[in-house]
Amino acid sequence: MKIHEKYMLRCTQLAKNGLGTTYPNPLVGSVIVHNDRIIGEGWHYKAGQPHAEVNAIANVSEANLLKGATIYVSLEPCSHFGKTPPCANLIIECGIKKVVVGSLDPNPKVAGRGIKKLMEAGCEVIVGILENECDELNKRFFTFHQKKRPYIFLKWAETADGFISPKNESRNEIKPIWITNEFSRQLVHKMRADEQAILVGTNTVLQDNPSLTVREWAGENPVRIVIDRSLKLSQDFSVFDGTAKTIVFNEKETKISENLDLEKIDFPKEIPQQICQALFKREIQSVIIEGGAKTSQSFIDANLWDEAFVFMGTANFSEGTKAPTFKGIMVSEEKIKEDTFRTYKNTTT
């Protein structure tokens, strides 16, 4: 591995520590190297707090070494004043003369301006080191700014014979019918903690009464999104318990309150597209479509999905509700005890 790639890889490793906490900001890691020795490193923890470059520079115990050091950063240093000052300015002020960047920032507020500012100040700037890996790191951020919509994950559990629920299933039983094991369900909660929002349809709420929180994992609860055309769901369901923000897309009214927002959309028109537009306006960069089959299929048919998480259990239902159908490239497969977990990517978006 080449020397620049070695340190950029470390930047991406550091950046991943911020997954789930930096929204709406990107994931960024930074490493400062002097004479082939890391003297400082950092990542962006949370929106409103110092950026990765600031944390890396603050981590350097011998400030006099900065003038002869190289700073690596997975995403182009910002050049504008937001909640924090521009990182490009700090790099220049510290006398760092060599900057190695993974990806260019697609945010119109940056978009090459950080690179330009550094070069105009006399810095040597190298761009595009492990660019694919750095782009993948910020797939949510890039999709949000380039496609004007959230990054969309599909998620469901299906039986070995391809059903997501049995025929005439009674959800009034004391114990729910689980397709997958407890370890797969814990992984789902981790996924929820990583993303900004989670979306279900009316039938999923009626049948499962899900809380859509991260009860089995540490982290922030995602924004809960429910499609309820006629507002027929009662406030007794768990999604309305106030533990997390809930948005309800409906055809009757728009009303904003502290933990419950009603947003009116035109149901005879393309629902997934309208939801994506609304979520973009709310600066939601990622959403998990978690049910049910009809809701997931509507996003698939609209070609509005990026990845699919499919958990397969060992049971067979023989009949019931079939799993959604889609075309994607399987990028990974792993066993979670007896369950099989597969990840697919949409290569047509």
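Residues numbered from 1 in each chain as written. Predicted model: local features only at pLDDT ≥ 70, side-chain atom pairs only at ≥ 80, totals over all residues. Heavy atoms only, no water.

**A closer look at the sheet that holds strand β3 (residues 70–75)**
One open sheet accounts for five strands, arranged β2-β1-β3-β4-β5; its pairing is mixed. With one partner strand each, in any of the chains shown, β2 (37–43) and β5 (124–127) form the two edges of the open sheet. Strand-to-strand, the axes of this sheet are offset by a mean angle of 15 degrees, without reference to chain direction. The pairing of β3 with strand β4 (residues 98–103) spans five bridges and is parallel. The partner of tyrosine 72 across the bridge, within β4, is valine 100. (Pairing = 2+ DSSP bridges. Helix = DSSP H or I, 4+ residues; strand = E, 2+ residues; numbered from the N terminus. Axes fitted to C-alpha atoms, helices over the stretch in contact; angles between N-to-C directions.)

**Description of the UniProt feature "binding site: substrate" (unreviewed entry) in the protein**
Following the UniProt record, the feature "binding site: substrate" (unreviewed entry) maps to Arg192, Leu212, Arg215 and Glu290 here. Position of arginine 215 among the secondary structure elements: in the loop between α8 (202–208) and β9 (223–227). Residues within four places of arginine 215 in sequence aside, it is in contact with His189 and Arg192. As for its placement among the helices and strands, glutamate 290 is situated in strand β13 (residues 286–291). In this structure the side chain of glutamate 290 is engaged in a polar contact, spanning 2.5 Å, whose partner is the side chain of arginine 192. (UniProt positions renumbered as here; feature names shortened; annotations may be inferred. Contact = heavy atoms within 4.5 Å. Polar contact = N/O pair within 3.5 Å; in protein donor to acceptor, adjacent residues only side chain to side chain.)

**Side note on the pairing of β3**
With six of six residues buried, β3 is to be regarded as a mostly interior element. Here four bridges tie strand β1 (residues 29–34) to β3, and the two strands are oriented antiparallel to one another. By the bridge assignment for β3, isoleucine 32 is matched with isoleucine 71. (Buried < 20%, exposed > 50% of the residue type's maximum accessible area, 1.4 Å probe, protein only.)

**What about the environment of phenylalanine 299?**
Here phenylalanine 299 shows up in helix α10 (residues 293–301). Considering only alpha carbons, one finds phenylalanine 299 and glycine 42, 257 residues apart in sequence, at a separation of 37 Å. Setting aside its immediate chain neighbours within four residues, phenylalanine 299 contacts Ile152, Leu154, Leu199, Pro272, Ile275, Cys276, Ile289, Leu304 and Trp305.

**Points about the domain arrangement of the protein**
Under the domain assignment, the protein is made up of domain 1 (3–142) and domain 2 (150–345). On a C-alpha basis, the centroid separation for the pair domain 1 and domain 2 is 35 Å. With nine residues of domain 1 at the contact, the number on the domain 2 side is 11 residues. Surface buried jointly by domain 1 and domain 2 totals about 890 Å² across both partners, of which 47% is contributed by carbon and sulfur atoms. Considering only the surface of domain 1 that becomes buried against domain 2, Tyr23, Lys139 and Arg140 emerge as the three largest contributors, covering 58% of it. Summed over the shared surface of domain 1 and domain 2, the number is three salt bridges. With a shortest N-O distance of 2.8 Å, glutamate 136 and lysine 345 are connected by a salt bridge. The interface formed by domain 1 and domain 2 contains seven residue pairs in polar contact (both at pLDDT 80 or more). In terms of residue count, helix α6 (residues 139–147) provides more of the side of domain 1 that touches domain 2 than any other element does, three residues in total. (Domains from an automatic or database assignment. Buried area = accessible area lost by both parts, 1.4 Å probe. Salt bridge = Lys/Arg side-chain N within 4 Å of Asp/Glu carboxyl O.)

**Some remarks on the packing of aromatic side chains**
Per the counting criterion, the structure on display carries 11 aromatic pairs. Residue placement shows arginine 185 over the ring face of tryptophan 178; its charged tip is 4.2 Å from the ring centre. The side chain of lysine 322 reaches across the aromatic face of phenylalanine 163, ending 4.6 Å from its centre. (Phe/Tyr/Trp six-rings, centres within 6.5 Å; stacked < 30°, edge-to-face > 60°. Lys NZ or Arg CZ within 6 Å of the ring centre and 35° of its normal.)

**Re the confidence of the model for the protein**
Looking at the protein as a whole, the pLDDT averages 93, with 96% of positions reaching at least 70. Here residues 170–174 scores under 50 on pLDDT; set against residues more than four positions off or in separate chains, the count is three contacts. (pLDDT = per-residue confidence, 0-100.)

**Things to note about the sheet that holds strand β12 (residues 260–264)**
Sheets are built from strands paired through backbone hydrogen bonds, the pairs being either parallel or antiparallel. If you trace the 10 strands from one edge of the open sheet to the other, you get β11-β12-β10-β9-β8-β13-β6-β14-β17-β16, paired in mixed fashion. The strands lining the two open edges of the sheet, one partner per strand, are β11 (255–256) and β16 (329–336). In terms of strand pairing, strand β8 (residues 197–201) meets β9 through five bridges, oriented parallel. Across the sheet, alanine 197 pairs through a bridge with valine 223, a residue of β9. Lying over the sheet, α6 contacts β6 (151–158), β13 and β14 (307–312), oriented at roughly 125 degrees with respect to β6. The sheet contacts of helix α9 (residues 271–281) involve β6, β8, β9, β10 (246–250), β12 and β13, and relative to β10 the element is tilted by about 145 degrees.

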